[in-house]
Amino acid sequence: MDNQRTAHVAPVPVPVPVSGDAADPRWWVPPLVATLLAPLLSYRAAGVADLFTGLPVFLIGGFVLPFAFILPSWFLARNRRRRQARIGLAAVACVLAAGFPVLLEGAAWTTFLVMLLTGNVHS
């Protein structure tokens with residue numbers, strides 16, 4: 001009688017993982033490279049733009065802003081589907097670290113021109 005009961009039980013379907021859901025064994029490479037490379041790029045860009053003597057307070061932004069993009073890449077899902085997002089965040093962080101002096105200068109000029117055109121700059 002027991003044999004007849006087990007014979008009528010339907011097999012449980014096993015979910016087949018989609019290729020994007022597979023674990024990414026090298027998920028840590030883009031965040032680690034960006035974590036190590038961004039401060040070096042920021043240091044080099046600040047040296048070229050002579051920010052160490054001119055605007056040392058603004059150097060903090062050159063180091064902190066890239067890490068605002070690197071930090072989420074450490075916590076994304078560790079599967080192949082999120083690999084491009086991790087690489088993209090790491091690339092944006094490195095570009096921001098290298099281009100921070102240009103970004104800072106552009107923001108300063110934009111602020112100056114807006115203030116000049118609106119009559120807020122007085123001699």
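Residues numbered from 1 in each chain as written. Predicted model: local features only at pLDDT ≥ 70, side-chain atom pairs only at ≥ 80, totals over all residues. Heavy atoms only, no water.

S.K.: Explain the overall build of the protein chain residue by residue, including any values.
M.R.: In terms of helices and strands, the protein chain carries 5 helices and 0 strands. Residues counted as buried form 20% of the 123 residues belonging to the protein chain. By sequence separation, contacts in the protein chain at least 24 residues apart represent 74% of the contacts at least 6 residues apart. Put simply, the protein chain shows about 9000 Å² of open surface, and 71% of that area lies on carbon and sulfur atoms. (Helix = DSSP H or I, 4+ residues; strand = E, 2+ residues; numbered from the N terminus. Buried < 20%, exposed > 50% of the residue type's maximum accessible area, 1.4 Å probe, protein only. Contact = heavy atoms within 4.5 Å. Areas by Shrake-Rupley, 256 points an atom, 1.4 Å probe, with all protein chains shown as cover.)

S.K.: With reference to specific residues and values, describe the side chain of serine 42.
M.R.: Tracing the chain through its elements places serine 42 in helix H2 (residues 29-48). Serine 42 gets classed as buried once you look at its relative accessible area, which sits at 5%. Apart from residues no more than four positions distant in its own chain, serine 42 is found in contact with Gly62, Phe63 and Ala97.

S.K.: Kindly report on the packing of aromatic side chains, identifying the contributing residues and their values.
M.R.: Going through the model one piece at a time under the given rule, you end up with 2 aromatic pairs. One Lys or Arg, arginine 78, reaches over the ring of tryptophan 27 and ends 3.8 Å from the middle of that ring. (Phe/Tyr/Trp six-rings, centres within 6.5 Å; stacked < 30°, edge-to-face > 60°. Lys NZ or Arg CZ within 6 Å of the ring centre and 35° of its normal.)

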